[in-house]
Amino acid sequence: MSERSEVTIKQSTAAREAAAPPRKEAPGVRISGLTVVYKTPAGELPAVRDVSLTLEPGSITGIVGESGSGKSTLALSLLNAVQPPGRISTGSVEIDGLGDVVGFRGERLRKARGQHIGYVFQAAQNSLNPLKTVGKQLLDLGRSHGVDDLRGLVREAKELLGRMGLDGARVLDSHQHELSGGMRQRVGIMLALVLNAHLVVLDEPTTALDMITQANILKIVREVHAERGLTTLVITHDIGVVAEVADRLAVMYGGRLVEQGPTRQVLAAPRHPYTRGLIKAIPRLVGDIDEAQALPGRPPTLVTVPKEGCVFRERCALRMDVCDTVDPQARVDEGAYGPRIVACHAVTVKERA
Amino acid sequence: MITGTGIVKTFKQRGKVLGAREVMALRGVDFAIPKGGAASFIGESGCGKTTLGRIIAGLETYDAGEIIIGDVTMSSLRPKQRQPHYRKIQLIHQDPYSALNPTRTIHQTLYAPLSLRARQTGRPRSWIEERAAEVLSLVGLDPGTVLARYPHQLSGGMRQRVVIARALTVDPEMLVADEAVSMIDVSLRLGILALLKDLRERLGVSVLFITHDVATARYIGDDGELYVIYRGQVVERGPVDTVIADPVHPYTQSLLSAIPVLHGLERPGEQPVMPLESLDESQSDEGCLFARRCPFRGERCTSERPLLAVTEAAPQQHACFYPERRSVIARPMSEV
């Protein structure tokens, strides 16, 4: 009970103070030539290979990929948080106002996380400490980042939770088990944003949530993104999630980015055979049921992904001889709504013909 | 044919902090799944759909009501006597990773139920091997490569196929698939769904599909019935395509409105329904269970519980005092 009163007193005092948080601008992010390898008995194998991706300031980018596609590893690279046996072997991650985080170590890196980059972890609903109230964990977070104005932090947290449709005071006084999955997810988002980070990574933000809760969370992500002026990256296996929130869509397969572009354009006219297959494999609510077609084969793992040539060729209907040996280069088409990029020999050949 | 009438299930929770309370998991549910047919239960987690699936598979007891398998009433039998009837109904779990014994090869996994079956029916040992290969082929796996493997050597999709193959060893009449594809990679999901659909068509196995994803329910059996379950009560029930195209219960409409729209390919529905608040199971049981969250509730809703019935508003059964059609689902761009 003492904790409860502590937090409550801090909140009521904080409510009277009105120091606005310093405004930061939504940063742009340029990932270039990024390769992340994991040490295995078979040597160091790339989970992410030569990936280049730009997050425009203020945009929401969605990365879609199946398990083992390297999407979570890519997201962790933004924090320079790839854990051994993995390591970033080449490439850079330039974040506006920070620099190349790949070179960051120790205290500098720790400060960048939280204050500049917020991360909502996969299964955020299970990543809270079950022994502490949310408020206590918030204070821990503040202290570990050297926040002097803890009352201001609590006020900010309450405001954020209120913004997401929760009773801030009640949630801060709650333990994890007293909150539903959707509420925990919102607490995760709050913790990622409360230190005023303007680059936010959401890893599978709605997995294990119900449809209605998912729709709610996605709406919140969109609104908070716009209101706070964020640059947001959403990692998911669900194209529907990206379709709902993202301006740009990037598709990952076998550690490679195979296609990216404005979400609506990619969904309406996918170019890469994998993207096409994925969209075709979604059962729909109306129309001919048999239009949905399964993608043959199965996704590669770290060990089975081809060392050279196209990573998708085993499952590809448009496979040519060149696909076995030559890695398709990303082809960029500038468009009115931003560049469309596709890495496929067959698409390149077809468009030249 | 498997039917249930008035199934009631209450879970008693004992708690030191929150105090004991009772959770009504099912409040008098009726269902009927014809031989070779399909049915789907949809609803949010905690609505009772999984409990109902487990009751149907004989893995959970119920407090009131009746389950009739074929023409045999289960409550008239002793637990031991019920077993051969419930064996006709096999449950496929959500998680193929924990459904298989990691220390057994696929051959051993299939051998156990098959040898029991061979003994009961007096078939020779050679039949076991033949049948093991046969069920694996049925689910689209190559027996030669799969039989000697352990579960960890297979992908999630292949494991789920093995689980289905194991269910088929006892010649079931019905498969109960509880969120059977939610842990499978996206590009492989449709393959598993297509398999269930195919087994229905080829073997005449009926399929009960439990999910929160309406589109997959439609894919498995568009000729079957859809049951929308909310806090233990069926609130709308009817042919899949009718309920999807013309839902009249605000809860069904909320579920359908929540499905992500593939912008660029689809246009969102014009009258999306959003519940007023999120699900709180400790809410009072008085009146319509959905009333507190319902944007269209009237005075009657807080005092009286609507019963499942067909009214002039719609051909499908619904439990709502103010049923109304609303355009909630996304339509393909090409259609408009």
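Residues numbered from 1 in each chain as written. Chains lettered and ligands numbered in written order. Predicted model: local features only at pLDDT ≥ 70, side-chain atom pairs only at ≥ 80, totals over all residues.

Taking an unreviewed UniProt entry as the reference, chain B is identified by name as Peptide/nickel transport system ATP-binding protein belonging to Nonomuraea jiangxiensis.

Using the following cut-off: UniProt positions are given in the numbering used here, feature names are shortened, and annotations may be inferred rather than shown by experiment.
With an unreviewed UniProt entry as reference, chain A is termed Peptide/nickel transport system ATP-binding protein, source organism Nonomuraea jiangxiensis. UniProt, in the comment section headed Sequence similarities (unreviewed entry), describes chain A in these words: "Belongs to the ABC transporter superfamily." Chain A has a UniProt comment under Subcellular location (unreviewed entry) that states "Cell membrane".

1. Let's talk about the domain arrangement of chain B
Where we set the bar: Each domain's extent was defined by an automatic or database domain assignment.
When the domains of chain B are assigned, the result is domain 1 (101–171) and domain 2 (247–335). Taken over C-alpha atoms, the centre of domain 1 of chain B sits 43 Å from the centre of domain 2 of chain B.

2. Quick notes on the interface of chain B and chain A
Cut-off, in case you're wondering: Think of it this way: build a C-beta for each residue from its backbone, and any pair within 7 Å is a contact. Helix numbers and strand numbers start at the N terminus; a helix is a DSSP run of H or I with at least 4 residues, a strand a run of E with at least 2. Put simply, Ala, Val, Leu, Ile, Met, Phe, Trp, Tyr, Cys and Pro go in the nonpolar bin, Asp, Glu, Lys and Arg in the charged bin, and everything else, Gly too, in the polar bin.
Across the boundary between the two partners, chain B contributes 36 residues, which contact 34 residues of chain A. Among the elements that take part in the side of chain B that touches chain A, helix α7 (residues 186–203) of chain B stands out by supplying 7 residues, more than any other. Residue composition of the side of chain B that touches chain A, by class: 20 nonpolar, 11 polar and 5 charged.

3. Here's the deal with helix α8 (residues 211–228) of chain A
For clarity, the cut-off: Here the expected span of a helix is defined as 1.5 Å times the quantity of residues minus one. Exposure in this text rests on C-beta crowding, where 20 or more other C-beta atoms within 10 Å of a residue's own make it buried, 12 or fewer make it exposed, and counts in between make it partly exposed. The C-beta atoms are placed from the backbone.
In a regular helix each residue adds 1.5 Å, so 18 residues correspond to 26 Å; α8(A) covers 26 Å between its end C-alpha atoms and thus fits that length. Residues of α8(A) that are buried: M211(A), I212(A), T213(A), Q214(A), A215(A), N216(A), I217(A), L218(A), V221(A) and H225(A). Considering only its buried residues, α8(A) is in contact with β3 (60–64), α7 (181–193), β7 (199–203), β8 (231–236) and α9 (239–245) of chain A together with α10 (250–257) of chain B.

4. Quick notes on the domain arrangement of chain A
Residue and element names in this part refer to chain A. Split into domains, chain A comes out as domain 1 (29–128 + 196–299) and domain 2 (130–178). With 5 residues of domain 1 at the contact, the number on the domain 2 side is 7 residues. Listed by contribution, the elements that provide at least two residues to the side of domain 1 that touches domain 2 are α3 (106–115) and α8. Tallied by class, the residues present in the side of domain 1 that touches domain 2 amount to 3 nonpolar, 2 polar and no charged.

5. Concerning the confidence of the model for chain B
Rules: The predictor rates its confidence in each residue with pLDDT, a number between 0 and 100.
Here chain B averages 90 in pLDDT, and 97% of its residues register 70 or above. The ipTM for the predicted assembly is 0.87, set against a pTM of 0.88.

6. Re the packing of helix α6 (residues 156–168) of chain B against α7(B)
A pair of packed helices can be characterised by two numbers: the angle between their axes and the separation between those axes. Residues and elements named next belong to chain B. Which entries qualify depends on this criterion: Lines fitted to C-alpha atoms define the axes here, with helix axes fitted over just the stretch in contact, and angles between the N-to-C directions of these axes take values from 0 to 180 degrees. An angle below 35 degrees is read as roughly parallel, one above 145 as roughly antiparallel, one from 65 to 115 as roughly perpendicular, and any other as oblique. A clockwise turn of the near helix away from the far one marks a right-handed crossing, whereas an anticlockwise turn of less than a right angle marks a left-handed crossing.
Interhelical geometry of α6 versus α7 gives an angle of 15° and a closest axis separation of 10 Å. The angle between α6 and α7 falls in the class roughly parallel. In this structure, the crossing between α6 and α7 has a hand that is right-handed. Counted together, G157, Q160, R161 and I164 of α6 and L188, G191, I192 and L195 of α7 form the full contact between these two elements. When its residues are assigned to classes, the contact of α6 with α7 shows 4 nonpolar, 3 polar and 1 charged.

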